[in-house]
Protein chains: 2
Amino acid sequence: MTEFLAGLKRTNMCGELSQADNGKQVTLMGWIHRRRDLGGLIFAQLRDLSGICQIVFDTDVCDKSLLDKASQLKLEYVVAITGQVRMRTQENINPNMSTGYIEVCAEQLLILSEANTTPFSIGDDSANESLRLTYRYLDLRRSALQNNLLLRSRICHEVRNYLAEQGFCEIETPMMGRSTPEGARDYLVPSRVHTGDYYALPQSPQLYKQLLMIGGMDRYYQIARCFRDEDLRANRQPEFTQIDMEMSFVDKEEEVMGIAEGLVKRLFANILNIQLPDFPRLAYADAMRLYGSDKPDTRYDMQLCNISSVVTDSGCAMFDNCLSAGGKVYAIVLRQNESNLSRKDLDKLVDFVKTYKVKGLAWLGLNQTGLRSSFAKAMREKSLDNLIAHLQLQQGDISFICADNNEETVQIAMGALRCHLADKFNLYDKNDYKGLWVVDFPLLEYSEEEGRYVAKHHPFTSPKEEDLHLLDTNPALVRAKAYDIVINGDEMGGGSMRIYNNDLQRKMFNVLGFDEQAIKDKFGFFVNAFNYGTPPHGGLAFGLDRMTMVMGRVDNIREVIAFPKTQQATCLMSGAPARVEKKQLDELGIRSIDQK
Amino acid sequence: MTEFLAGLKRTNMCGELSQADNGKQVTLMGWIHRRRDLGGLIFAQLRDLSGICQIVFDTDVCDKSLLDKASQLKLEYVVAITGQVRMRTQENINPNMSTGYIEVCAEQLLILSEANTTPFSIGDDSANESLRLTYRYLDLRRSALQNNLLLRSRICHEVRNYLAEQGFCEIETPMMGRSTPEGARDYLVPSRVHTGDYYALPQSPQLYKQLLMIGGMDRYYQIARCFRDEDLRANRQPEFTQIDMEMSFVDKEEEVMGIAEGLVKRLFANILNIQLPDFPRLAYADAMRLYGSDKPDTRYDMQLCNISSVVTDSGCAMFDNCLSAGGKVYAIVLRQNESNLSRKDLDKLVDFVKTYKVKGLAWLGLNQTGLRSSFAKAMREKSLDNLIAHLQLQQGDISFICADNNEETVQIAMGALRCHLADKFNLYDKNDYKGLWVVDFPLLEYSEEEGRYVAKHHPFTSPKEEDLHLLDTNPALVRAKAYDIVINGDEMGGGSMRIYNNDLQRKMFNVLGFDEQAIKDKFGFFVNAFNYGTPPHGGLAFGLDRMTMVMGRVDNIREVIAFPKTQQATCLMSGAPARVEKKQLDELGIRSIDQK
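Notes on the structure in this doc start here. (Residues numbered from 1 in each chain as written. Chains lettered and ligands numbered in written order. Predicted model: local features only at pLDDT ≥ 70, side-chain atom pairs only at ≥ 80, totals over all residues. Heavy atoms only, no water.)

Some points on the overall build of chain A
(1) Moving on: If you tally the helices and strands in chain A, you get 16 helices and 23 strands.
(2) Moving on: Projected onto its principal axes, the C-alpha coordinates of chain A cover approximately 90 × 75 × 55 Å.
(3) Moving on: Across the 596 residues that make up chain A, the buried fraction comes to 60%.
(4) Moving on: Counted over contacts in chain A with a minimum sequence separation of 6, partners at least 24 positions apart contribute 69%.
(5) Moving on: Surface exposure of chain A reaches about 24,100 Å², of which carbon and sulfur atoms provide 46%. (Helix = DSSP H or I, 4+ residues; strand = E, 2+ residues; numbered from the N terminus. Buried < 20%, exposed > 50% of the residue type's maximum accessible area, 1.4 Å probe, protein only. Contact = heavy atoms within 4.5 Å. Areas by Shrake-Rupley, 256 points an atom, 1.4 Å probe, with all protein chains shown as cover.)

The structure is reproduced here in structure tokens:
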């Protein structure tokens, strides 16, 4: 039989009690986390959001009737307990818990809610994830998950305080907008009032935030839900959250980057007590050349090395053929781990890089017995000596070499190998945080599929003024005023300065191959808005889910979202998506094709 | 020809300059708001989010070439201007503007963006609203609208600071959930991956927030977008925003009401500099009896008066028949306005109350020539004297009387008349704010349509403990632990304490006539969640749009939303909702019925 709380007030949270509270009369409320019945003595752990406190029902202190009542307690019962804080006996002290030196000696117990046996132990994150998602409200009782949600809330709060201080106004933009043909697939919402018409859920507030700048709102931000109906990769969700911002009357990347970097530093300082140094700037071309990635993990070195000139005319066909076809040869060196790689390991590394579109991987190591290499025998001795000298190979080092006709392909393959080896050989401190900006992205990339240049970011991203002359002659070389912020190899956010000059926008559309009609069809009212006085503006969006994962050192995106969806975009708890009543579809004037 | 900003930095916002800045060199950026060309002298008003500053191009100071350039300026051109702040000449001073004593004497001008002639004058809120919604980005340049959005942002920021201080954790709940058959009509989102299945956009985070309490999150809040696919009344939007909160380990209404009232007081104090007194509590029954409304406007008095006993056996058939049928007679008195109501006005009032389902309205006024009444002749003299005495009618007063067999009907009609007269005769100070709580709502109301009791709030709202015994015998009398917060006759928010006791929940379902299968079908996984240990909990949601309207003294909901929809749920700017490509519908496995 359960009881009513009847106005009884909680005096403390479980996890906040300590030796300083010894002797205090307290009322705690929470869930029974553990229970041990020793006859005349019952120990229970009481759990709430703040932590766990030991409760003792002791017949030396309390009535027999209270002990009888306590003996009914089962795991996850919700109770209110009033009693006195006292020091634990020496043998009961648990120095690993903040409350480990005290216990509450119960004088009163209210059983507020009983509980069935839970389908998995509360706090057990090794239980099947599908089961935990089905009973998400029980998995939410796990402290690690609760702490992730508290962290996320804390991040949002710091973000808002910081941006408000910087003069940004928080503005909500619509969730039910218009479908745009560019970009990823939209989630659609059928209109009942206008049968046959559809709203689309926003992929980002991009258009709205630029319109707010045209509307004179000066500095905007929003922690905005966004939606993409994509086949989900791991760590993607159909709905996700962006910290979205835009500011007017600036046209240099540094002005947005400065605000954004200040925000990240503030989050790390105020929440994690970590003072991040200034973020270095790395041009996109350098990021690809040195790390084979536009989001390099700079916690460790092991940079890529273009050895094309070193291995020219080496006699080794693999390199010579590639170079004579205009290709490139890159190497990386894994220091002092040669002996940790068996032949089988090396074969696996070859298979690994092949998934990145290169044909193979060569290696060259120095060990106690001399050389170990997949290609050295085929190489001229002088070339080999040059190579060893160039790579500064020492005994115990092993280098990996890759060649491909397309330089970007070899860079990306070697970049992936670099990360793979760093993980495998623990080449970095997992508690470290290393951030940087990647800048000077190409404005355009050539789409073989469409036979034209497409915008790498979006068609409203501004080119760099100093590259404008290349728009007519060599568009591929034009750099954009775009920037990504990267921490530990994860892209935290990105943005760009926007075009605010009508002539330049028209030129950009020309390069992209759009005629007037195409512009109107694709960008409609948005382009028209630029005809009435547009301030210089630019912005950036952070991924909040990603930010929380990085700051919380969490690998699984479902651990930073209260009610996440599976990779099949379903909610196992509620069963969404689900069938609806025929009446609902009739009202909307739609029909599922599979329903005859 | 426009120019690039090229890194030039704004030093000040237009509206913040004052006499204190006299002599300073400044760079301002904004839109040309007005322009006056006096030959060798051009005056322009430059506008940004902060306000307006006068710029002067004066050939005494600047080059002829700068004047020539300035002469090209048209309204809404975006410019950057560098120059020196100086005092205006005496005849140019405008004491109504904060910047009205100074002007900036331009030395440099960059034309950053040209502008076509706008379809309406910027700042003109008398222009057709459809036109302004179509060019919302131009209407957003109107300072009144900008100030509303700034107010809304400010409210959100104060809400978050307050709730964070009170230990609430901000948690995002899904936008794509499961459709529930109870409640208003859902917006649906077809699933591509699971053809034939649909997500629903949330009408509120109600289920999720209760699950977060069951999950141990203790105190939750969210500024949450909600959706209802209803035929829109004025001042409703298909998407709207709630300040949503829930807290655990409380079971008395006062504990949630205290937090919520503290929040409202804080908003008014910190944003409007208004110290609101404590909010009085008014039982629902009293609110209906005294004001004929569950959201009474208490800025003025003119309470309803039940005169049933006064007019018993009055000889007046209208009253006698009603009373003998068990009905009620109510009056209100409009003081000192008798002479302001013509016979035609009185007839209009009769028509007005008839729209509230009553059959008519009687009146009785005292003026210089004596009585004016629709019924006095039919009444016994003694009854008439009693009535005049009871209503304390003085010369110049007029009373209105209404009778109906259903007491609530007559209350509601008289409540509406009360508001109508107060508006018509300006019976209150429009700058006043009067708030109160309406409490002790009925738990249930009888649905003639369904032939059963239905929950007035929702089936998880807790009855008051002291009324539990009535659940079996007289459910209509059971009061709920529910509360609404009302300001100036507008419902700002409402909430309730929830049932956390399984036995009571089952009893509640019984009263509502649900069997086990119906419970499972209607509430499914949600009810199951209550089987694993549920803390006492309760919460409340404020309407953010409404709150902003009340605090900003704005009547039109579209004035507090950046990109609102029309009453037909369309966005005139983007054209949403709109047709989509057939390919999109094919991928979703749906078809519009009107598309063969």
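So that's the structure; there's more coming.
Some words on the sheet that holds strand β4 (residues 78-87) of chain B
Residues and elements named next belong to chain B.
(1) Moving on: Ordered in space as β1-β2-β3-β5-β4, the five strands form a closed barrel in which the pairing is mixed. With strand direction ignored, the average angle separating the axes of adjacent strands in the sheet is 55 degrees.
(2) Moving on: By the bridge criterion, two bridges tie strand β3 (residues 51-58) to strand β5 (residues 102-113) in an arrangement that is parallel. Bridge pairing links V56 to C105 in β5. (Pairing = 2+ DSSP bridges. Axes fitted to C-alpha atoms, helices over the stretch in contact; angles between N-to-C directions.)

Describing the nonpolar core
Soluble globular proteins: nonpolar side chains tend toward being buried together.
(1) Moving on: Ranked by internal contacts, the top residues of the largest apolar core, which has 135 residues, are Y137 and L212 of chain A together with Y137 and L212 of chain B.
(2) Moving on: If you tally residues by element for this core, the top one is helix α14 (residues 516-529) of chain A, at six residues.
(3) Moving on: Those residues within four positions of Y137 of chain A in sequence are excluded, and the remaining contacts are M573 of chain A together with L211, I214, G215, F525, N528, A529 and Y532 of chain B. (Core = buried A, V, L, I, M, F, W, Y, C linked by side-chain atoms within 4.5 Å.)

So, the pairing of strand β16 (residues 398-404) of chain B
Residue and element names in this part refer to chain B.
(1) Moving on: Burial analysis of β16 places seven of its seven residues in the buried class, which makes it a mostly covered element.
(2) Moving on: Sheet analysis places strand β14 (residues 362-367) next to β16, joined by four bridges and oriented antiparallel. Each residue of the ladder has a partner; that of W363, found in β16, is F400.

Examining the interface of chain A and chain B
Accessible area lost upon the coming together of the parts is a frequently used measure of interface size.
(1) Moving on: Between chain A and chain B, the residue contacts involve 133 residues of the former and 133 residues of the latter.
(2) Moving on: Here chain A and chain B share an interface that buries about 11,500 Å² over both sides, 58% of which is from carbon and sulfur atoms.
(3) Moving on: It is E172, F249 and Y532 of chain A in chain A that bury the most area against chain B; as a group they hold 7% of the surface buried on that side.
(4) Moving on: Counting every contact that joins chain A to chain B gives 18 salt bridges.
(5) Moving on: With ten residues, helix α4 (residues 143-165) of chain A is the largest single contributor of residues to the side of chain A that touches chain B.
(6) Moving on: Its residues assigned to classes, the side of chain A that touches chain B shows 66 nonpolar, 34 polar and 33 charged.
(7) Moving on: Relative to strand β23 (residues 590-592) of chain B, strand β23 (residues 590-592) of chain A is paired through three bridges, and the arrangement is antiparallel. Bridge pairing in β23 of chain B links I590 of chain A to S592 of chain B. (Buried area = accessible area lost by both parts, 1.4 Å probe. Salt bridge = Lys/Arg side-chain N within 4 Å of Asp/Glu carboxyl O. Nonpolar A, V, L, I, M, F, W, Y, C, P; charged D, E, K, R; others polar.)

Observations regarding the sheet that holds strand β5 (residues 102-113) of chain A
Residue and element names in this part refer to chain A.
(1) Moving on: Read around the closed barrel, the five strands follow the order β1-β2-β3-β5-β4; overall the barrel is mixed. Neighbour-to-neighbour, the strand axes of the sheet open up by a mean angle of 55 degrees, direction not taken into account.
(2) Moving on: Pairing between strand β2 (residues 41-48) and strand β3 (residues 51-58): eight bridges, direction antiparallel. When the sheet's bridge partners are listed, F43 is paired in β3 with V56.
(3) Moving on: Contacts between helix α1 (residues 64-71) and the sheet are confined to β1 (25-37), β2, β3 and β5, with β5 contributing the most and set at about 65 degrees to the helix.

Re the pattern of salt bridges
For side chains of opposite charge, pairing can occur when their charged atoms come near one another.
Residues and elements named next belong to chain B.
(1) Moving on: A complete count under the given rule lists 106 salt bridges over all chains for this structure.
(2) Moving on: Where K209 meets E246, a salt bridge forms, and the shortest distance between an N and an O atom there is 3.4 Å. In this pair, K209 is assigned in helix α5 (residues 206-214) and E246 in strand β10 (residues 239-248), connecting sequence segments 37 residues apart.
(3) Moving on: Given a relative accessible area of 1%, K209 falls into the buried group.
(4) Moving on: We classify E246 as buried; its relative accessible area is 0%.
(5) Moving on: For the salt bridge of K252 with E465, the shortest nitrogen-to-oxygen distance reads 3.9 Å. Note that K252 is positioned in the loop between β10 and α6 (253-272) and E465 in the loop between β19 (452-455) and α12 (470-473), a separation of 213 residues in sequence.

Considering the packing of α4 of chain A against helix α6 (residues 253-272) of chain A
All names here are of chain A.
(1) Moving on: Running from N to C, α4 and α6 point in directions that differ by 135 degrees, and their axes come no closer than 10 Å. What the angle tells us is that α4 and α6 run oblique. Crossing angle aside, the handedness with which α4 passes α6 is right-handed. Counting all contacts with α4, which are made through L151, R154, I155, E158, V159, N161, Y162, L163 and E165, the residues of α6 involved are G258, I259, G262, L263, R266, L267, N270 and I271.
(2) Moving on: Class assignment of the residues belonging to the contact of α4 with α6 gives a composition of nine nonpolar, four polar and four charged. (Parallel < 35°, antiparallel > 145°, perpendicular 65-115°, else oblique. Left-handed = near helix turned anticlockwise from the far one by under 90°.)

Section: the relation of the copies chain A and chain B
(1) Moving on: Superposing chain A onto chain B takes a rotation of 180 degrees combined with a translation of 0.0 Å along the rotation axis, leaving an RMSD of 0.1 Å. These values place the two chain copies in the arrangement generated by a two-fold rotation axis.
(2) Moving on: Looking at the interface residues of chain A, 100% of them are also at the interface in chain B, so both copies use one shared face. (Least-squares fit on C-alpha atoms with pLDDT ≥ 70 in both.)

With respect to α6 of chain A
All names here are of chain A.
(1) Moving on: Between its first and last C-alpha atoms α6 spans 28 Å; for 20 residues at 1.5 Å apiece the expected length is 28 Å, and the two agree.
(2) Moving on: By the criterion of burial, α6 is predominantly enclosed, with 14 of the 20 residues buried.
(3) Moving on: In the segment just after α6, N273 is the residue with positive phi, at about 60 degrees. (Expected span 1.5 Å × (residues − 1).)

Notes on helix α5 (residues 206-214) of chain A
(1) Moving on: Of all nine residues in α5 of chain A, eight are buried; the element is thus mostly enclosed.
(2) Moving on: Elements that come into contact with the buried residues of α5 of chain A comprise β9 (219-227), β10 (239-248), α14 and β22 (537-543) of chain A together with β1 (25-37) and α3 (136-139) of chain B.
(3) Moving on: Phi turns positive one or two residues past the end of α5 of chain A, at G216 of chain A, with a value near 90 degrees.

Quick look at the packing of aromatic side chains
(1) Moving on: Throughout the structure, instances matching the rule amount to 44 aromatic pairs over all chains.
(2) Moving on: Geometrically, the ring pair formed by F249 of chain A and W31 of chain B is edge-to-face, given 5.6 Å between the ring centres and 80 degrees between the ring planes. Here F249 of chain A, found in the loop between β10 and α6, pairs with W31 of chain B, found in strand β1, and the two come from separate chains.
(3) Moving on: On the basis of relative accessibility, which here comes to 2%, the residue W31 of chain B falls in the buried class.
(4) Moving on: Residues Y284 of chain A and F441 of chain A carry aromatic rings whose centres are separated by 5.3 Å and whose planes lie at 40 degrees to one another, so their mutual orientation is tilted. (Phe/Tyr/Trp six-rings, centres within 6.5 Å; stacked < 30°, edge-to-face > 60°.)

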